[in-house]
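Here are the chains, one letter per residue:
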Amino acid sequence: MPSGRYTLHDPHDGTVLCEERFRCAPGPTGWRYVAHRTTPDGAPAGRLDLALDDLGRPLRVEAAAGDWQVRGAALDGIRWVRTDPTGEHAREGHAPARAFTGTSPAFLVALARLLRPGPGAAARVRLVALTDPVLAPRTVDQAWSLTSSEDHHHPDAGTLAVHGYRVDDLATGESAAVHLTGDVVLAAPGVTLEELDGPPSAYDTLPLPAVEG
């Protein structure tokens, strides 16, 4: 069960936004990621509890930021409830999408598992993005493709299989490079892995083999 710390920063000017301390591991139904965020001065900045099934679909998403909370899951598309602490402003939402996304590195691992894109073959997907700082939901369209798969030696973790992905925002045309090893993000725009306690868990994000016959 790896645990560690990411620094999240503005991908344009490098301003540090928060730290995200996390634990994650495969489980009997798929994969789970739990994290807490703090601001640069140490104040609480939110939390995330994400549970996936064995195909990468969100069984449960619970996120909090500021005075807002979101609970959701994949059910006839994506459904969620966004609320304030009193419940006075609670609103239900639904979108014909396949998963959630957001600034947490957890969503990158989850989407790579869900889509399993092949080399050069873009997998298109509609998502519900929980946008900072108030977890406002909006739909976005992305395309993912596998760009590289290489083995890298780590002095503590041994040989790691590192997979590189290109992620395209289909509304803006912007592209991003994401590098994963198991269930840990090594590099992505706005994400820096600062600490890692234990090797990444085996978490296959490669295309499923074709079934003959």
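Remarks on the overall build of the chain
- Across its full length, the chain holds 1 helix and 15 strands.
- By the compact-globule yardstick of 17 Å for 213 residues, the chain fits well, its C-alpha radius of gyration being 17 Å.
- Over its C-alpha atoms, taken along the principal directions, the chain stretches across nearly 50 × 45 × 40 Å.
- Residue burial in the chain is summarised as follows: out of 213 residues, 44% are buried.
- Across the chain, every contact between residues at least 6 apart in sequence was considered, and the portion connecting residues at least 24 apart equals 40%.
- When the 19 positive and 28 negative side-chain charges of the chain are each reduced to one mean point, those points stand 6 Å apart.

As for the layout of surface pockets
- Of the voids in this model, the largest pocket is the one considered here, and its volume is about 1,200 Å³.
- Taken together, 39 residues make up the lining of the largest pocket; nearest its centre are Pro-11, Gly-102, Thr-103, Arg-138 and Pro-189.
- Taken together, the elements giving at least two residues each to the lining of the largest pocket come down to strand 1 (3-9), strand 2 (16-26), helix 1 (105-115), strand 10 (123-131), strand 11 (136-154), strand 12 (158-169) and strand 13 (175-181).
- At 4 residues, strand 11 tops the list of elements feeding residues into the lining of the largest pocket.
- For the lining of the largest pocket, the residue count by class is 19 nonpolar, 13 polar and 7 charged.

A few points about unusual backbone geometry
- Backbone torsion omega between Asp-132 and Pro-133 reads 5°, so that peptide bond is classified as cis.
- Mapping Pro-133 onto the fold places it in the loop between strand 10 and strand 11.
- Notably, Asp-76 is not glycine yet its phi reads approximately 55°, a positive angle.
- Here Asp-76 lies in the loop between strand 6 (68-74) and strand 7 (78-83).
- Although it is not a glycine, Leu-135 adopts a positive phi angle of roughly 60°.
- By the secondary structure assignment, Leu-135 is in the loop between strand 10 and strand 11.
- Owing to a relative accessible area of 6%, Leu-135 belongs among the buried residues under this scheme.

Points about the nonpolar core
- Core analysis: the largest hydrophobic core is formed by 49 residues, its most contacted members being Trp-31, Tyr-33 and Leu-50.
- Broken down by element, this core gets its largest block of residues, 9 residues, from helix 1.
- Ignoring sequence-local partners within four residues, the contact set of Tyr-33 consists of Tyr-6, Glu-20, Phe-22, Arg-23, Cys-24, Leu-48, Asp-49, Leu-50, Ser-104, Pro-105 and Ala-106.

A word on the confidence of the model for the chain
- Averaged over all residues, the pLDDT of the chain is 91; the fraction at 70 or higher stands at 95%.
- Model confidence for the chain, summarised as mean pLDDT per element, is weakest for strand 12 at 90 and strongest for strand 9 (residues 99-101) at 97.

Thresholds applied
Residues numbered from 1 in each chain as written. Predicted model: local features only at pLDDT ≥ 70, side-chain atom pairs only at ≥ 80, totals over all residues. Heavy atoms only, no water. Helix = DSSP H or I, 4+ residues; strand = E, 2+ residues; numbered from the N terminus. Rg over C-alpha atoms; globule rule 2.2 N^0.38 Å. Buried < 20%, exposed > 50% of the residue type's maximum accessible area, 1.4 Å probe, protein only. Contact = heavy atoms within 4.5 Å. Lys, Arg positive; Asp, Glu negative; His and termini not counted. Charge placed at Lys NZ, Arg CZ, Asp CG, Glu CD. 1 Å grid on protein atoms, 1.4 Å probe; cavity = no way out; pocket = protein on both sides within 12 Å on 5 of 7 lines; lining within 4 Å. Points joined across faces, edges and corners; volume = space filled by probe spheres on them. Nonpolar A, V, L, I, M, F, W, Y, C, P; charged D, E, K, R; others polar. Core = buried A, V, L, I, M, F, W, Y, C linked by side-chain atoms within 4.5 Å. pLDDT = per-residue confidence, 0-100.

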